[in-house]
Structure formats: C-alpha cells, structure tokens
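# Descriptive structure summary
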Amino acid sequence: MMVSERSRARVSSELSESGEVLTIRVSGSFDFNMHREFLRAYQNFSPAPKLYCIDLSETLHLDSAALGMLLLLRDHCLDTAEDGLPCIELQNANEHVANILAVSNFDKIFKVR
Amino acid sequence: MPGPYRVLVIEADIREAGRLLRLLRTCAGGEPGAGALELAVRPDTATALADYLQLRPDLVIYGPAAARDAAAEDLQQLRGRAGTDPVPILFVRSDRETLSSACLKTGCDDILFTPYNPILVQLKLAALRRFSHFNRALQAQRIRIRRSHADLLQEQASARQIFDKLGHESCLDQASAIRYHLSPRAVLNGDVLAAAYAPGGKLMLLLGDFTGHGLAAAVGAVPLTASFYSMVPKGFSLGHILREINAKLHRILPSNMFCCAVVFELDPHKRHIRLFNGGMPRACLRRRSGDLRLLESRHLPLGVLEEAWVEEAIVHIPVEAGDHLYLWSDGIHEAHNQRGELFGEERLLQAVIEPLAEGRRFDHLLNTVNAYSADQHDDLSLVEVALDEVSPVTNAAEVAVDTAAQRGGIGDWSLNFTLGPEELRDADPLPLLHSVLAQVPGACSFHDHLTIVLGELFRNALEHGLLRLDSGLKQTDRGFTEYYRQLEEGRRRLREGWIRIQLRCRDRGASGELEVVVEDSGIGLRGASGSDNAYSGRGLPLLKAICREVEIQPGSSRVRATLNWGEAVSTESLHP
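The sections below set out a description of the structure shown in this document. (Residues numbered from 1 in each chain as written. Chains lettered and ligands numbered in written order. Predicted model: local features only at pLDDT ≥ 70, side-chain atom pairs only at ≥ 80, totals over all residues. Heavy atoms only, no water.)

All names here are of chain A. Applying the stated rule across the entire model yields nine aromatic pairs over all chains. A centroid spacing of 5.7 Å and a plane angle of 75° characterise the contact between phenylalanine 38 and tyrosine 42, whose relative ring orientation is edge-to-face. Taken together, the positions of phenylalanine 38 and tyrosine 42, both in helix α2 (residues 35-42) and four residues apart, correspond to about one turn of that helix. Judged on exposure class, the residue phenylalanine 38 and its partner tyrosine 42 are both buried. Note on phenylalanine 106 and phenylalanine 110: the rings are 5.8 Å apart at their centroids and 20° apart in plane angle, and the pair reads as stacked. In this structure, phenylalanine 106 and phenylalanine 110 share a single accessibility class: buried. (Phe/Tyr/Trp six-rings, centres within 6.5 Å; stacked < 30°, edge-to-face > 60°. Helix = DSSP H or I, 4+ residues; strand = E, 2+ residues; numbered from the N terminus. Buried < 20%, exposed > 50% of the residue type's maximum accessible area, 1.4 Å probe, protein only.)

On to the sheet that holds strand β2 (residues 37-42) of chain B. Residues and elements named next belong to chain B. An order of β2-β1-β3-β4-β5 is seen for the five strands of this open sheet, with the pairing classed as parallel. For this open sheet the edge positions go to β2 and β5 (110-114), each flanked by a neighbour on one side alone. Between one strand axis and the next, the sheet turns through 25° on average, direction left out of account. Sheet topology note: the strand β1 (residues 5-10)/β2 ladder contains six bridges and is parallel. Its bridge partner being in β2, isoleucine 10 is matched across the sheet by arginine 42. (Pairing = 2+ DSSP bridges. Axes fitted to C-alpha atoms, helices over the stretch in contact; angles between N-to-C directions.)

Each strand in a sheet pairs with another by means of backbone hydrogen bonds, the pair being arranged parallel or else antiparallel. Residue and element names in this part refer to chain A. Overall, mixed pairing links the five strands, which are arranged β1-β2-β4-β6-β7 in an open sheet. Every other strand in the sheet has two partners, leaving β1 (11-15) and β7 (111-112) as the edge strands with one partner each. Relative to strand β2 (residues 21-26), β1 runs antiparallel, the two sharing five bridges. Considered in β2, the bridge of serine 13 is made with isoleucine 24. Sitting on the sheet, α2 touches β1, β2 and β4 (51-55), and the angle it makes with β2 is about 165°. The sheet strands contacting helix α3 (residues 64-80) are β4 and β6 (87-91), and the helix crosses β4 at an angle near 165°. (Contact = heavy atoms within 4.5 Å.)

Within the sequence span of helix α11 (residues 344-353) of chain B, burial applies to Gly344, Leu348, Leu349, Ala351 and Val352 of chain B. Contacts from the buried residues of α11 of chain B go to β11 (283-286), β12 (292-295), β14 (324-328) and α12 (361-372) of chain B.

If you want it as structure tokens, here you go:
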C-alpha cells in the first residue's frame, strides 16, 4: 500500500561511538519528499557532533530542494557549533550526483570527497 | 457524531415488511453508540426509485417476496441513483430455497436468510454500517480536497496574472533577435526570464530557476525582477546587478531557497558578451560553423551566500557573425521518455549541432524535446539569442519627450565631478551620472551616445590610466578573464588617485554640442598610436563613430570627446 511505501525509511543515520561523527545516508532520490526525514536525522543531538558525513553512495539523484536541505544543515551547524566550526562532508557521490554538486558549485561551500 | 443510518426496505408483503423492520430495530438497539436508525418501506423497485433521492438510503434490503421478483436491471437502476456512493443491496431469502445462480446474477451484495438469526443480522448490519461511515468520511475528504485544489488553481491563475504583468517591462517581445519559450507552468516551477536594454544599447538578459516548486518558488521572482528592471536601465554594471540580486535574495529567501541563474550582457557596439552562470546547466554558444562552446556554471547560485564574487565567474566572449546563444533550464534535460530515460544534455547538444537553415533551430529544439518526452507536462524554458543580430534600440517614449524638449532648447550648462579612490574602489559612478543627467531637460536626446562615450572614457581612465592594465591581454579568452581578474583586484587595492569627469553643453537652438572631458591622475597614455595603444580594441573606432571629434594626446591623461546633436548621427552608422 502507498502509505507503507512512503514511510519506509530512506534516510538512515548513525552516530559514531565517540558521538563525534554523525553519518547520514540517503538512498534513492534525494528530493523534497525527504525533507522531514533528513531534518530529523540531524536534529536533537547533544552535544552536537563535530563532523557530519553525508553518505551519498546510494543516492541516485539530487535536486535543488536537496541542495537547499544541505544549506539548512549548514545553518544548523553554524547555530550549534560550540567550539570551532563543525564540518560537513559529502561522500561517495556517483558521477551524476557529483556533477549536480559541481554545476551548482556546492563543492565551494561543502567538502566533497 | 455520525448522521442517522438510513435503511430502505423494499417489500410489498406488509407482514414480511413489518417483521423485517422489527428485526432491524432490535438489532440497532443491541448495538450501543451506533446512532439513530431511519427506516423506510417501499412496496416495489419503481416507487423506491421514484423516492430514492429524497430517502438517500445507506442500505437497501429486498424483503423475501420482493427479492424473488427482483431483476438485475432493478438493481442497476438503484445503483445508478446512488451515484458514487456505494450503497449495499441485500436480499432476504429462505434458507430452504437453494441459491440459484440467477440470484447471484442480479448483483446483490449479500443475503439475509429466514428465519432470521438476530445475532448474525446484527453482526452484518454493524459491518455494513462501519463500511458506510468509512465511506462517508472518504467522500467528505474528497470534496474537501477537490475544493482546496480548485482554490489552489484559482490562486495560481492570479499569480500568473501578476507575473505576466511583472514581465511587461521586458524587451523580449521587441527584439526579433531573441526567441524564447517559457514553460506555461513557469510561474510555478520557479523559472523566470527577464531582459532589458541598458543605456548605450547593451542588452541584458537573465534566465533563472528558483529552488523547489509552487508559489514559494514563484515569489522569489518578484524581488529579482524588481532589482533587474530597476538597475539595468540605470546603467549599473553586470557585476553590480548580480551582487545586488544575490544580496537581496539572500536576505529575503529562507536559507534552503536560492536561484540558479544565467545572466549575460551583450554589447552590440563592441560585439562581445559577458556571461555569468551560477548553478544553471551549461549554456551553449553555437558558431556559424556548427562549433559549440559550452559555458558552464562557475559560481554558486544567487542567494546562497551573503556575498558573491561574481567578477571571477564572468566569462567574456567576442561575438562573431552568425553566433547563436542558447540558454535553458534543467527542465529540458530532465524531460523523460516512457522508459524513464532522461533527455539529457547529449541529445540536446546533438540537436543544436544539426545543420539547419537559420531561424529553424529554435522550433527544432522544442519539437525534439517534446517528441521525446513521455508526459505532456511542458516544464522547459528555452532562449535563443542571435547575438549578431541584436541591434541597440532607442526607447520610443524617449524620442517623444526628446522632440518636445528640443523645441524648448537644452540650454547651456556644465557639470564637474571628481571621483576619489573610495568611489572608484567599489562604486559604479555611471548610474550616478545617469541619474544626474536624467534631471537635465532634453538630455535624453543624446543619452545613449553619451552613455557609450562616458562608459568608454571612464573605463579607459580607470583601467589604463590608473590601474595600468594591458589591453593586449584581451586577445585570448583566457586573457580576457585574467584581465578582468586584474581589474577587480586593482580596484580593491586602490588607495590613491582620482578620475575627473567634465561635461559642457552648448545649445545652438535646433542643434548643439556636448563636450566630455575625462582626466585621471595617472601618468598618461603611452602614445596614441602603436602596438601598446590603450585604445587598441574596439573602443576607439566606436568613439570615433559617435563623436564629431576625439582628442587623445600622447603622454597626457586627458581625453576630450565632442558630441553633436541635431545633425544626423544615427545608431546605424555605428555598425562597421
């Protein structure tokens, strides 16, 4: 049924044992529909993680709404950073997704690996 | 609180009907919290149909006698009256009778057996009743959604009207060299297109794509077009306009929203374009030979960061005969066929390369994408500019004011201004001069020419007089970029020096003379002729075409240009 399909988590997150690294993995199409889940994945951590890794290895597509969500995460980091700037890394993007990041020049404000 | 549950009993036999009604009342009484029961009896299908809309039953039960005679058409007619509401129809049969397939063929939903088993009947009624409540809730939601969808369409139609009017300031429909297709859903997919002439006949055009969809995406177009249409005609530079729009969008939009944009400025006199691409798909310059030059995004989209370093991202390209520039939003790449495959850049460029008669390529591109695309959602925006054919346009309104002013005369006046390092560092002095000149009666008669002359002389004083930049750099594409990089850096570091601009106007009745003197604190031009001439580019021929006289003295940092009006100096004569 539609309802259960939709609620199937496509954003998963994992906090390292030290609590310093939060890895968020987005699988499938990273778009407006992921808005809530993505937000939930990084909110309410105390103390805030020092490094946010966005694992894009299973991300097939990324639209401008997703880029907007990354900007929100960036703002969130600036708000919650206690000592120094927390770092966001975008990892393992496939060629298509990496190209989208390059076209928008997001590699200038995020670390892309 | 659910409404009453209405049951229509069809039975001609009064005793059977009475038994059935008593049974139903008993069952309803045994079901706490089920709400009221409304019972009605009609002797046959015909009368039931006649009263159906008034009764609006939730359930129809054919009594034992009526059920024997009921035909499939009777049930069909009843269902027809019920419309989209699914109203179950039950038959009462004796369990002594064997169920014939004829009974099934009538299409009844269920059967109550006699003698009645009140517990079973109660169970059945309760189930049907739950079904009916669920259905009512669903119907109510459907109506609500339909209504709000109709409201939404209405709002979107209003938004479209507003946006259509916003676009009225554009010169898109005046210039035959520009062809464009903007998705009919443009307002709501966030695409925006704006174009205007700057003083001096430069054309500026912007194709933008706001994040997301819907009204939120559309709203951003308002501040963007407001800045664009107010700054371009005042003569602000491309970089200045981009920085202003970026800062404004950053201030206004929520942080997850921004605008990808490709913006270019075409100077038809000097025959070059300066193009900025921030986050849009690669724009494509097609040479007459069929060679393509792709102009990729070199900057973050507008509105992402508070400050923008746009100058480094602007590319400079000399225009050649037969050049066409194509701009598109990502809707065109993302058009997909029935198998879900994207149209993509490769197919698009292939269609651009195809040799076609001039003037046919634009429609060919649109047709190619539409033929490929599976859904008929037209979500694409496409702009074609025949760079070579854009001619400077003088505003008709200005001409009208012009003749009126000429009758009254322009008068004799003079203006002096000196710009120090502070102003030269980041201010754009030309818009300031324009706003001053706008107050001078009749100044519009030479407005465009004066803009070109002032622009040339001012830039020359700044770039070569004060900053000592080497024009020779501009001979290659890479050099062009390097030149502008050095220019920005030089301006930022400017700590001393000045540029003085003097205007003197002498009115001779129907004609007159305007003298423009621009002087700088530099050490003077290195020779008016020779390989290192500061005016080695298109600047000097352009000035000479407009002015009656241009006086450049070797070793001097002073340039004097004299403009005449009232004599035929038309823009056409500027074309080589």
